[in-house]
Amino acid sequence: MYRTAPSLLALVALIVLLVSGCGGDTPTAENATASAAETVDQIHSTPAQDYQRYCALCHGEHREGYANDNAPALNTQTLYGVGLLPPYMAISYGRPGTPMGPYLDELGGPMSRDQIGALAAWLSTEVGVEPAGAGPDGLDPVPGDISEGRELYAANCAECHGANGEGGGEDQPGTALGNPTMLATSPDKFLRLAIAGGREGTPMNSFADTLSDTQIDSLVAFLRSRAQGWDASDLQYSEPPTLDNIVLNPQGDPPEFTLKDGRYVMAKDLNEALEQGRKMVLVDTRVPYFWAMAHIEGSSPVPYYSSQQEFLDALPNDGTWIVAYCECPRAAADSSVIKLRELGYENTAVLWEGYAGWSALGYPVAVGRLKE
Ligand code: HEC
Ligand code: HEC
């Protein structure tokens, strides 16, 4: 098992890069020192040891779940059925507002990205699911009728997941489905598989025999429509800004950012600047489907791998601030900002916490619809 670890790590790094447009971290002197103390531990611990040390308390010694805090089972095949991304993100960023905390070192957790990747791969392997990325169609949105989904939810799901998707209570064994971070990191197909396939051996039964495919699709669409928070009643799907409309608050004052390491803006400062109506361009460098799942309002989807020429032509080169972000947290946005700086755009920054950090910190998010 241990001998396969390096290839698993490579696989996980690849999956994360392909799926979410975020690769390894950009090392800085600061985080190198910060993590030095942990390094010895990290090199010598196997995923199985990490599991016992950090997870067994709640998820149970044998990953069966429900040892404490109503933590779900981690030994079901369905959990890994659309690839490692959802469990990887749950472990890294947690489910804010529930007992599931963020384990990523950058958010104050005890584990490195590689360690978490190896742990997710190990969890999957343990239940006999070959660790994999989402696959070509794993990120396709599931279209459905939101209002039908709302009714089906109240009739079939609310008893366990809570009328407002709060879950996790004494009498409600279900997880928190209204959790913006869960929704921002769980593709539609992951939600669909949980509903249609159930989670074997847990209270989550399969609904494949009681609900039609269309009804299950509607439930997924309804859950997705809660991505801005359960109470956001009239969800407006935003469309990508048109090229002549990419500058936010064109009449506003420029933001006054103090950048970390000359490149990074903190989520708190970005949120404040947006609330104050400061003028800027926001660039979402992830794979576009992630933009559709949840994004920072007003951002333009310009994936890190695109030629970006059209977008560059539309960008004002007059000192307007350009802030780029990706998923977790910086590699793709870093590469875009490095390119922009080479082209002479000086007022550029990367969101330090990335999108997943932004949503985990509770800042507002929007849900989008890509043009056909
Ligand atoms: C203090 C208790 C606790 C600890 C410790 C804990 N978890 Fe969790 N975990 C939870 C709870 C509770 C949830 C469900 C939260 C929700 O969404 O309602 C959860 C959810 C998850 C999920 C998402 C499951 C799903 O159904 O989508 C994964 C994956 C996960 N945890 C993995 C881990 C791993 C791996 C560790 C150790 C590194 C860990 N957890 C440590 C309590 C815990
Ligand atoms: C009898 C209680 C119960 C009912 C009814 C129920 N669920 Fe669940 N659901 C659960 C539990 C418990 C889990 C976590 C199972 C595990 O993995 O351990 C879960 C997990 C899920 C997940 C995975 C969420 C995550 O955090 O990863 C989704 C999605 C879901 N349920 C949707 C639904 C929908 C939609 C309905 C209604 C059609 C429904 N559930 C009905 C108990 C229930």
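Higher on the page you've got the structure.
The rules behind each value
- Residues numbered from 1 in each chain as written.
- Chains lettered and ligands numbered in written order.
- Predicted model: local features only at pLDDT ≥ 70, side-chain atom pairs only at ≥ 80, totals over all residues.
- Heavy atoms only, no water.
- Donors = N, O, S within 2.8 Å, 3.2 Å for Na, K, Ca; no water.
- Tetrahedral: all angles 85-135°; square planar, octahedral: opposite > 155°, others 65-115°.
- Helix = DSSP H or I, 4+ residues; strand = E, 2+ residues; numbered from the N terminus.
- Buried < 20%, exposed > 50% of the residue type's maximum accessible area, 1.4 Å probe, protein only.
- Near = heavy atom within 4 Å.
- Polar contact = N/O pair within 3.5 Å; in protein donor to acceptor, adjacent residues only side chain to side chain.
- Nonpolar A, V, L, I, M, F, W, Y, C, P; charged D, E, K, R; others polar.

Chemist: Explanation requested: the coordination of the iron atom of ligand 2 in the structure shown.
Modeler: Metal coordination angles have textbook ideals: 109.5 degrees for a tetrahedral set of four donors and 90 or 180 degrees for an octahedral set of six. Only His 161 (NE2) and Met 204 (SD) from the protein reach the iron atom of ligand 2 as donors, at distances of 2.0 to 2.1 Å. One can describe the site at the iron atom of ligand 2 as octahedral: its six donor atoms subtend angles covering 88 to 179 degrees at the metal. One end of the pair, His 161, is in helix H8 (residues 158-161); the other, Met 204, is in the loop between helix H10 (188-197) and helix H11 (213-224), with 43 residues separating them in the sequence. Looking at Met 204, the relative accessible area reads 22%, which means it is partly exposed.

Chemist: Please explain the coordination of the iron atom of ligand 1 as it appears in this structure.
Modeler: Distances from the iron atom of ligand 1 to its protein donors, namely His 59 (NE2) and Met 100 (SD), fall within the range 2.0 to 2.2 Å. Given six donor atoms and angles of 85 to 179 degrees at the metal, the environment of the iron atom of ligand 1 is assigned as octahedral. Of this pair, His 59 sits in helix H4 (residues 56-59) while Met 100 sits in the loop between helix H5 (85-93) and helix H6 (113-126), and the two are 41 residues apart along the sequence. On the basis of relative accessibility, which here comes to 11%, the residue His 59 falls in the buried class.

Chemist: Where do I start with the site of ligand 1 in this structure?
Modeler: With respect to spatial proximity, 22 residues lie near ligand 1, and among them Cys 55, Cys 58, His 59, Met 100 and Arg 199 are the closest. Note that an oxygen atom of ligand 1 is positioned 2.9 Å from one of the backbone N or O atoms of Ala 176. Broken down by secondary-structure element, the contributors of at least two residues to the shell around ligand 1 are H4 and H5. Among the elements that take part in the shell around ligand 1, H5 stands out by supplying three residues, more than any other. Its residues assigned to classes, the shell around ligand 1 comprises 16 nonpolar, three polar and three charged.

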